[in-house]
Amino acid sequence: MNPTIAAPDHPTDPRPPEPVPEPTTPEQESTPHTWTITTTEGINLTGYQPDWSMDNPSRTGIPLDQAMRRLRSYSHFAMLPAEPIAPLADAALGGPGHWYVVVQIECYPYSEQLQQRIPTANFAIIEEYEVGNLAPADLHRIADQLRAQAALFETTVLPALITAREDWATHHPTTSVSDQSKADIP
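Calculation notes
Residues numbered from 1 in each chain as written. Predicted model: local features only at pLDDT ≥ 70, side-chain atom pairs only at ≥ 80, totals over all residues. Heavy atoms only, no water. Helix = DSSP H or I, 4+ residues; strand = E, 2+ residues; numbered from the N terminus. Buried < 20%, exposed > 50% of the residue type's maximum accessible area, 1.4 Å probe, protein only. Contact = heavy atoms within 4.5 Å. Areas by Shrake-Rupley, 256 points an atom, 1.4 Å probe, with all protein chains shown as cover. Arc of directions from axis to C-beta. Polar contact = N/O pair within 3.5 Å; in protein donor to acceptor, adjacent residues only side chain to side chain. Core = buried A, V, L, I, M, F, W, Y, C linked by side-chain atoms within 4.5 Å. Phe/Tyr/Trp six-rings, centres within 6.5 Å; stacked < 30°, edge-to-face > 60°. Pairing = 2+ DSSP bridges. Axes fitted to C-alpha atoms, helices over the stretch in contact; angles between N-to-C directions.

**Some details on the overall build of the protein**
- Each helix and strand in the protein was counted, giving two helices and eight strands.
- Helices and strands in the protein line up, N terminus first, as β-β-β-β-β-α-β-β-β-α.
- Sorting the 186 residues of the protein into buried and exposed places 30% on the buried side.
- In the protein, once contacts between residues fewer than 6 apart in sequence are set aside, the share between residues at least 24 apart is 54%.
- As presented, the protein carries roughly 12,400 Å² of accessible surface, and 57% of it is formed by carbon and sulfur atoms.

Quick look at the structure:
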């Protein structure tokens, strides 16, 4: 769009007219560590946004009932590193596949299940095939890989979970399992 040109204040002024800037909506200041959902009804819902979370529930222009449903099922989460496990001797050479370990920290701040309201760690082993007929060397290698995975849990996942829980306790009201008064979404 072209700027609007304002008429000069003094018709005899030799200077060219100054362009008038187009009106803009002032950018909403975002508060660090805060998410905001603005509903179509003009209601702002806000909450703590942890640094470790890979997602942010902030949205604009959604109906209040949809925002409430979204928050009830929303989780802050972070995917953590894990190593694939090659169960067969030929897997590294393009064999049939690997097992993958998926690790994440997550927290459902508005869950009806109060124990889900603080960060927890989850992991899943996704297998692409059944493993059988293992020779002693294969079983030994899998045992080594599982020990390496356990070490990763201990050196990476556990400290990340402890940090996430300490951060959550510092910035979010703690809800004990026996405290039913905080079971509702704000």
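**With respect to helix α1 (residues 64-73)**
- Of all the positions in α1, only Ala-67, Met-68 and Leu-71 are classed as buried. Seen along its axis, α1 keeps its buried residues to an arc of 100 degrees; they face one direction. Turned more than 90 degrees off the buried face of α1, the exposed positions are Arg-69 and Ser-73.
- On its buried face, α1 is in contact with β3 (34-39), β4 (44-48) and β5 (59-62).

**So, the side chain of Ser-53**
- With respect to the helices and strands, the residue Ser-53 is situated in the loop between β4 and β5.
- Residue class for Ser-53 comes out buried when judged on its relative accessible area of 12%.
- Side-chain polar atoms of Ser-53 contact the side chain of His-76, separated by 3.3 Å.
- Here Phe-77 takes part through its backbone nitrogen, which lies 3.4 Å from a polar atom of the side chain of Ser-53.
- Those residues in contact with Ser-53 that sit more than four places away from it in its chain are Tyr-74, His-76 and Phe-77.

**Brief notes about the nonpolar core**
- Among the nonpolar cores identified, the biggest contains 14 residues, and Trp-52, Leu-80, Val-103 and Ile-105 are the most heavily contacted of them.
- Broken down by secondary-structure element, the contributors of at least two residues to this core are β6 (76-80), β7 (99-107) and α2 (136-171).
- Take this core: its biggest share by element is five residues, from β7.
- Once residues within four sequence positions are removed from consideration, Trp-52 is found in contact with His-76, Phe-77, Ala-78, Ile-105, Cys-107, Pro-119, Ala-164 and Asp-167.
- Counting residues in each nonpolar core, the second largest holds eight residues, with Leu-45, Ile-62, Ala-67 and Leu-71 among its members.

**Focus on the packing of aromatic side chains**
- Counting across every chain of the model gives three aromatic pairs.
- Consider the rings of Phe-123 and Phe-153, whose centres lie 5.0 Å apart with planes at 55 degrees: the pair is tilted. Here Phe-123 is found in strand β8 (residues 120-127), whereas its partner Phe-153 is found in helix α2, with 30 residues between them in sequence.
- By relative accessible area, Phe-123 is classed as exposed at 51%.

**Considering the pairing of β4**
- Bridging between β3 and β4 involves five bridges; their strand directions are antiparallel. Within β4, the position partnered with Thr-38 by the bridge is Asn-44.
- Where β3 hands over to β4, the hairpin turn is made up of four residues, of which Gly-42 adopts a positive phi near 85 degrees.

**Considering the sheet that holds β3**
- Sheet architecture is open: three strands sit in the order β4-β3-β5, paired in mixed fashion. Across the chains shown, the open sheet's two edge strands, defined by having one partner strand only, are β4 and β5. On average, each strand axis in the sheet is tilted by 15 degrees relative to the strand beside it, whichever way the strands run.
- Strand contacts of α1: β3, β4 and β5, with the helix running at about 150 degrees to β3, the strand carrying the most contacts.

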